[in-house]
Structure formats: C-alpha cells, structure tokens
Amino acid sequence: AAFAADGLSAMGADVTIVSTGNPKVKNKSVTVLPPAVGEDEVGFSSVVGTFDGIVDTLEDESGAVLGQLSRQCKCDRYVSTLTRSQKTIRDKGVLFGPGAANKYAGEVGRGIPKLGSPSKSKKYRPLIPPPNFGPSTVQTLLEKGVLYKGGGGGKDGPVVRTWTLPDFWEHASWPRDSTGDGDVRYGLPVRSEAELEREEEEGRELASKARRTVGVTRKQKKEVESNPHVLEIEGLGELNDHILTKEADALLFLSAPWCRTCRTLKPKYNRMAREEAEGDGSGEEGKVMFAKCEAVGKMGKDLSHFLDVEAVPAFVAFRGGRQMGEPISVSRLPSPEIDRALERLREF
C-alpha cells in the first residue's frame with residue numbers, strides 16, 4: 001500500500017492512505033488517515049469527500065460498496081490487488097494458512113518464464129505497456145526513487161507478491177461497519193439507517209396508494225407490503241398453516257415496529273431470502289423458507305410466548321415443521337449463528 005501510495009503521489013496524484021497501523025510512506029505529500037477519524041470516529045470516506053479511485057490491497061469489497069462510492073464520493077474506480085495467498089491466509093489463519101499460501105506462490109514463481117523467454121503456458125500472458133509508458137511513467141518513478149524492493153526471484157526470476165503478517169493483522173484489526181445495509185470495513189460508504197428508513201417509508205406510501213387505487217383485500221394488502229421472498233405471518237394460526245403442518249424447513253424473523261435494530265436487520269434479511277430463493281444458479285430454488293412476523297399485539301405476543309421468544313429481534317429455525325433449538329438473538333447480519341442454523345437446515 002505504501003509503495004502504491006508513493007508511486008501515485010510521484011505521478012502527481014493527491015493520495016490518502018488509510019491504515020490501522022503506521023504505513024512507511026516516503027512521500028511527505030501523502031496523507032495518512034485511520035479508518036475512523038477524530039473523536040467522533042468519522043469514516044475516512046466522509047473525511048476525504050470526493051475522490052477518483054480506490055486501490056485496495058487488503059480485500060475486494062467492490063460488490064458491496066461500489067454503488068455507494070459512486071453516489072457519495074463520485075468514485076467509479078475500485079481496484080483490488082488481493083492475491084490468492086492473502087485469501088488463503090485470511091481464510092485459514094496464520095497457523096494453517098502459510099504452508100498452502102507459500103506452496104501456491106512457489107508454483108506461480110516457477111511457472112513464470114524468465115525474462116526474454118517465450119511462454120508455453122496459457123496461464124501467463126505478457127502485459128503490453130501503453131505508448132510512452134517508459135518516459136512518462138517508469139522514468140518519473142526512477143527519478144523520484146520509487147523502487148519496489150520486495151526481493152525474491154533472483155537476478156532474472158520474477159517477484160511474486162504473496163502475503164505478509166502485517167497485512168493479515170491489519171485486515172483482522174480493521175473494525176467492521178454493520179450499520180445501514182452493509183457489513184464492510186469501517187469508513188467505506190454504506191447506506192445510512194436514515195436512508196433505509198426513508199426508502200421503507202416511500203415503499204409504504206406507494207403500497208398505500210396502490211391499495212387506495214384498487215381496493216385490495218386484507219390478504220392482498222399483506223402481499224403488497226411484503227417482500228416477495230419473505231412470507232409474512234400473523235399469529236399462531238398462520239404459523240401452523242404455513243410452517244408446522246407443512247413440515248417446512250424455515251427461518252422465522254420476529255421483530256417489532258419500534259425496534260431500531262429490527263429495522264436495520266430487515267433489508268439484510270430480505271437480501272438473504274432473495275439469495276436463498278435464487279438458489280445456486282442452477283435453476284433450482286433454495287430449500288429454506290424465510291418468514292417474518294411482528295411480535296406485537298395479542299396475536300404477536302401469543303406467537304412469541306409459544307416460541308419462547310422474550311425479546312426482539314429474534315430468529316427461530318424450524319426443521320420439518322419442528323422448532324430447532326432455542327431462539328437466536330443477534331444484532332447484525334450476516335451472523336455466524338444464523339449461518340450455522342441455515343447450514344443445518346440445508347443438510348436435511
């Protein structure tokens with residue numbers, strides 16, 4: 001990251017490097033920020049404001065943040081340099097990952113042809129530099145002393161970027177942000193709770209207009225307001241009709257209108273339901289039914305008492321129509337507890 005920051009700065013870019021540690025940048029014009037800035041812990045993207053691009057050396061979260069980067073920061077370029085070795089260490093840890101990561105890096109290094117030698121492998125291809133790349137870029141970097149000193153490869157062999165312990169600890173220590181609709185590293189932009197509530201309110205207004213226009217029944221009203229992938233349940237009767245007697249494998253989300261955490265979890269739960277319904281891309285739908293109910297009023301309280309739910313938000317898993325274990329209480333999604341419950345449901 002420091003090497004990239006120095007290089008970009010040498011080329012005239014206004015560069016900010018974000019790190020939980022103390023990156024060793026040589027160019028004094030590079031600004032260094034933590035993920036959370038100041039006593040108010042403002043996210044770095046809000047502090048920087050608008051910028052042209054991000055070079056991410058620790059992770060690839062483009063799918064989760066690219067839309068908000070474009071909308072909030074006018075940033076349409078997200079480049080991840082995450083290597084397979086870094087992924088291996090991240091997934092297996094520093095005890096069991098280094099062997100596999102180093103083995104892979106060695107295989108890559110041995111497979112790359114030496115400089116000037118033709119390549120017979122389809123795994124490697126030469127990168128053709130753009131016109132004037134030498135005098136405009138390489139010469140500038142050489143003159144300003146921006147040189148990569150990674151070592152390895154010998155005189156003519158390649159330098160393979162693998163993983164480092166500081167990178168692993170930085171990724172592990174970077175705080176997460178699960179507010180709004182995101183679960184990303186803190187400082188990257190996500191939709192705020194206020195935006196989600198505003199969108200939800202706009203959805204309710206549209207649904208209300210639709211009901212006034214066509215005069216829908218109570219059953220149709222529920223269908224208009226609900227997510228197409230989440231079954232809305234009212235009371236013990238509907239729980240019995242849709243899950244218990246049908247011996248369904250299901251996950252039930254119990255919430256309340258006054259519960260702020262419930263409102264935060266709702267869009268994430270809807271997204272999980274959509275992904276389950278879409279299946280694995282083979283055309284077959286997912287196995288687990290996603291359902292939701294309000295634990296308020298007499299019907300909601302009776303249902304909560306029946307399921308031994310004492311507080312919301314709560315999640316109850318059903319396997320074959322029978323309650324599986326105790327209610328699960330979590331304040332954020334995704335959740336390891338919910339993931340384990342879903343894995344158990346999919347096994348049967």
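Check the entry above for the structure.
So, here's what we can say about the structure. (Residues numbered from 1 in each chain as written. Predicted model: local features only at pLDDT ≥ 70, side-chain atom pairs only at ≥ 80, totals over all residues. Heavy atoms only, no water.)

### Considerations on the overall build of the protein chain
Helix and strand counts for the protein chain stand at 12 helices and 13 strands. Burial status across the protein chain gives 35% buried among its 348 residues. Put simply, 58% of the contacts in the protein chain that link residues at least 6 apart link residues at least 24 apart. As displayed, the protein chain offers around 21600 Å² of accessible surface, 52% of which is attributable to carbon and sulfur atoms. (Helix = DSSP H or I, 4+ residues; strand = E, 2+ residues; numbered from the N terminus. Buried < 20%, exposed > 50% of the residue type's maximum accessible area, 1.4 Å probe, protein only. Contact = heavy atoms within 4.5 Å. Areas by Shrake-Rupley, 256 points an atom, 1.4 Å probe, with all protein chains shown as cover.)

### Overview of the pattern of salt bridges
Going through the model one piece at a time under the given rule, you end up with nine salt bridges. For Arg185, the salt bridge identified is with Asp56, shortest N-O distance 2.3 Å. Of this pair, Arg185 sits in strand β8 (residues 184-185) while Asp56 sits in strand β5 (residues 53-56), and the two are 129 residues apart along the sequence. The exposure class assigned to Arg185 is buried, which follows from its relative accessible area of 3%. Among the salt bridges present, the one from Asp249 reaches Lys287, with a minimum N-O distance of 2.0 Å. Placement of the pair is Asp249 in the loop between α9 (235-244) and β10 (250-255) and Lys287 in the loop between α10 (260-278) and β11 (289-294), with a sequence separation of 38 residues. Lys287 gets classed as partly exposed once you look at its relative accessible area, which sits at 38%. By sharing partners, the salt bridges in this structure join Asp56, Glu61, Arg176 and Arg185 into a single network. (Salt bridge = Lys/Arg side-chain N within 4 Å of Asp/Glu carboxyl O.)

### Side note on the pairing of strand β6 (residues 77-80)
Both β5 and β6 contribute to a ladder of four bridges, which runs parallel. For Asp56, the partnering residue across the bridge sits in β6 and is Ser80. With respect to chirality, the unit in which β5 leads through helix α3 (residues 62-73) into the neighbouring parallel β6 is right-handed. (Pairing = 2+ DSSP bridges. Right-handed = clockwise from strand over helix to strand, strands pointing away.)

### Considerations on the state of the cysteines
Enumeration over the complete set of coordinates arrives at one disulfide. A sulfur-sulfur distance of 2.4 Å marks the disulfide that ties Cys259 to Cys262. The chirality of the disulfide connecting Cys259 with Cys262 is right-handed, given an S-S dihedral of about 80°. With respect to burial, Cys259 and Cys262 carry one shared label: buried. The thiol of Cys73 is not disulfide-bonded; the next cysteine sulfur, from Cys75, is found 6.9 Å away. Taking relative accessible area as the criterion, Cys75 reaches 0% and is therefore assigned buried. (Disulfide = S-S within 2.5 Å.)

### Examining the sheet that holds β10
As summarised here, the arrangement of the five strands in space is β9-β11-β10-β12-β13, forming an open sheet in which the pairing is mixed. Each edge of the open sheet is held by one strand with a lone partner, namely β9 (231-233) and β13 (322-328). Between one strand axis and the next, the sheet turns through 25° on average, direction left out of account. Examined bridge by bridge, β10 and β11 share six bridges and lie parallel to one another. Residue pairing across strands places Ala250 opposite Met289, the latter belonging to β11. (Axes fitted to C-alpha atoms, helices over the stretch in contact; angles between N-to-C directions.)

### Points about the packing of aromatic side chains
For the structure on display, the rule yields five aromatic pairs. Residues Phe168 and Trp169 carry aromatic rings whose centres are separated by 5.0 Å and whose planes lie at 70° to one another, so their mutual orientation is edge-to-face. Residue classification places Phe168 among the buried residues on the basis of a relative accessible area of 18%. Judged by its relative accessible area of 48%, Trp169 falls in the partly exposed class. Ring geometry for Phe253 against Phe315: centres 4.7 Å apart, planes inclined by 10°, an arrangement best described as stacked. (Phe/Tyr/Trp six-rings, centres within 6.5 Å; stacked < 30°, edge-to-face > 60°.)

### Considering the nonpolar core
Counting residues in each nonpolar core, the largest one holds 39 residues, and the members touching the most others are Leu251, Leu252, Leu254, Leu307, Phe315 and Ile338. Residues Leu69, Cys73, Cys75 and Trp174 belong to the second largest nonpolar core, which totals 14 residues. (Core = buried A, V, L, I, M, F, W, Y, C linked by side-chain atoms within 4.5 Å.)

### Re the packing of α9 against helix α11 (residues 297-306)
With their axes 7 Å apart at the nearest point, α9 and α11 run at an angle of 55° to one another. Here α9 is positioned oblique relative to α11, judged by the angle of their axes. In this structure, α9 contributes Gly235, Leu236, Leu239 and Leu244 to the contact, and α11 contributes Met299, Asp302, Leu303 and Phe306. Of the residues that constitute the contact of α9 with α11, the class distribution is six nonpolar, one polar and one charged. (Parallel < 35°, antiparallel > 145°, perpendicular 65-115°, else oblique. Nonpolar A, V, L, I, M, F, W, Y, C, P; charged D, E, K, R; others polar.)

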